[in-house]
Amino acid sequence: MLPQPQSAQTVKVWDIWVRITHWAVAAGIFANLIVTEGGSDVHEYMGYAVVALVVSRLIWGLVGSQYARFSNFFPTPNRIREHMTDIKQHKFHGHLGHNPLGALMMFALWGIIIALGITGYLQTTDQFLGDDSIQAIHEFLANSLWVLVPLHVAAAIIMGRLQQQNLVKSMITGEKTVQ
């Protein structure tokens, strides 16, 4: 008998809250880096909204659906080492949730966004109003997004091709196809 080909099946990975927060944070970051004027009320409120979305996603990482939970993808040293070994050996099996390097990127982006919110808020307080060092930190953090966001997008596209998955589409539909 000839072996039967495995049929592909679709798995719901990203719940609606993961997808909403992902794209809303992306839109807010885009707006604050490109559209709004730094220091304006719109810039400030957009920043606070993005921080609130990130905090809600962090909470969802503790109590949310299976693939949203940190326990599913937290980048432990062993997971990172195994993932790096797989990449070196050209093994690009897909992770249903985030791979360890993707998780590191998420935590880096979330940390920067929260730090941006804190430094942005501090610039509005009497103690730090006009403090050049807080403004410099805020600008450095914002500029770091100009590196990390394109890296995040490029990595999603490259890993998606290597894994034969459309990872961008899966963040829209919430579904991944597995063999």
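The rules behind each value
Residues numbered from 1 in each chain as written. Predicted model: local features only at pLDDT ≥ 70, side-chain atom pairs only at ≥ 80, totals over all residues. Heavy atoms only, no water. Helix = DSSP H or I, 4+ residues; strand = E, 2+ residues; numbered from the N terminus. Buried < 20%, exposed > 50% of the residue type's maximum accessible area, 1.4 Å probe, protein only. Contact = heavy atoms within 4.5 Å. Areas by Shrake-Rupley, 256 points an atom, 1.4 Å probe, with all protein chains shown as cover. Lys, Arg positive; Asp, Glu negative; His and termini not counted. Charge placed at Lys NZ, Arg CZ, Asp CG, Glu CD. UniProt positions renumbered as here; feature names shortened; annotations may be inferred. Core = buried A, V, L, I, M, F, W, Y, C linked by side-chain atoms within 4.5 Å. Phe/Tyr/Trp six-rings, centres within 6.5 Å; stacked < 30°, edge-to-face > 60°. Axes fitted to C-alpha atoms, helices over the stretch in contact; angles between N-to-C directions. Parallel < 35°, antiparallel > 145°, perpendicular 65-115°, else oblique. Left-handed = near helix turned anticlockwise from the far one by under 90°. Nonpolar A, V, L, I, M, F, W, Y, C, P; charged D, E, K, R; others polar.

Caption draft 1: Expanded view of the overall build of the chain. Helix and strand counts for the chain come out as seven helices and two strands. Helices and strands appear in the chain in the N-to-C order β-α-α-α-α-α-α-α-β. Expressed along its principal axes, the backbone C-alpha trace of the chain runs to roughly 80 × 30 × 30 Å. Residue burial in the chain is summarised as follows: out of 179 residues, 34% are buried. When contacts within the chain are restricted to residue pairs at least 6 apart in sequence, those whose partners lie at least 24 apart make up 68%. Just so you have it, the chain exposes about 11100 Å², and 65% of that area is on carbon and sulfur atoms. Here the chain carries 11 positive and 11 negative side-chain charges, and the mean point of each set is 23 Å from the other.

Caption draft 2: Region of the structure containing the UniProt feature "transmembrane region" (unreviewed entry) in the chain. Following the UniProt record, one finds the feature "transmembrane region" (unreviewed entry) at residues 20–39, 45–63, 101–122 and 142–162. Taken end to end, residues 20–39 has its terminal C-alpha atoms 26 Å apart, with 80% of it in helix and 0% in strand. Counted over residues 45–63, helix gives 100% and strand 0%. Its end C-alpha atoms are 27 Å apart.

Caption draft 3: Region of the structure containing the nonpolar core. One finds Val25, Ile29, Ile112, Ile113, Leu116 and Leu145 to be the most contacted residues of the largest nonpolar core, which totals 20 residues. Going through the elements one at a time, α1 (16–35), α2 (41–63), α3 (70–73), α5 (100–122) and α6 (132–163) are the ones with two or more residues in this core. The biggest single contributor to this core is α5, with eight residues. In terms of nonpolar packing, the next biggest core, distinct from the first, is built from seven residues, Val11, Val13, Val18 and Tyr67 among them.

Caption draft 4: Layout of the packing of aromatic side chains. Here the structure, examined in full by the defined rule, presents six aromatic pairs. Each ring, one from Phe70 and one from Phe107, has its centre 5.4 Å from the other, and the planes form 50°; the classification is tilted. Of this pair, Phe70 sits in helix α3 while Phe107 sits in helix α5, and the two are 37 residues apart along the sequence. For Phe107, a relative accessible area of 25% translates into the label partly exposed. Geometrically, the ring pair formed by Phe107 and Trp110 is edge-to-face, given 5.6 Å between the ring centres and 85° between the ring planes. Here Trp110 and Phe107 lie together in helix α5, a separation of three residues that amounts to about one turn.

Caption draft 5: Up close: the packing of α2 against α5. Where α2 contacts α5, the axes come no closer than 9 Å and their chain directions differ by 140°. The angle between the axes of α2 and α5 places the two elements in the oblique class. Judged by the twist between their axes, the crossing of α2 over α5 is left-handed. On α5, the residues touching Tyr48, Val50, Val51, Val54, Arg57 and Leu58 of α2 are Met106, Trp110, Ile113, Ile114, Gly117 and Tyr121.

Caption draft 6: Layout of the packing of α1 against α2. Relative to each other, α1 and α2 sit at 155°, their axes nearing to 9 Å. Considered as vectors, α1 and α2 are oriented roughly antiparallel to each other. Two packed elements cross with a definite hand, and for α1 against α2 that hand is left-handed. Where α1 abuts α2, its residues Trp17, Val18, Thr21, Ala24, Val25, Gly28, Ile29, Ala31 and Asn32 lie against Val42, His43, Met46, Gly47, Val50, Leu53, Val54, Ser56, Arg57 and Trp60. Of the residues belonging to the contact of α1 with α2, the class tally is 12 nonpolar, six polar and one charged.

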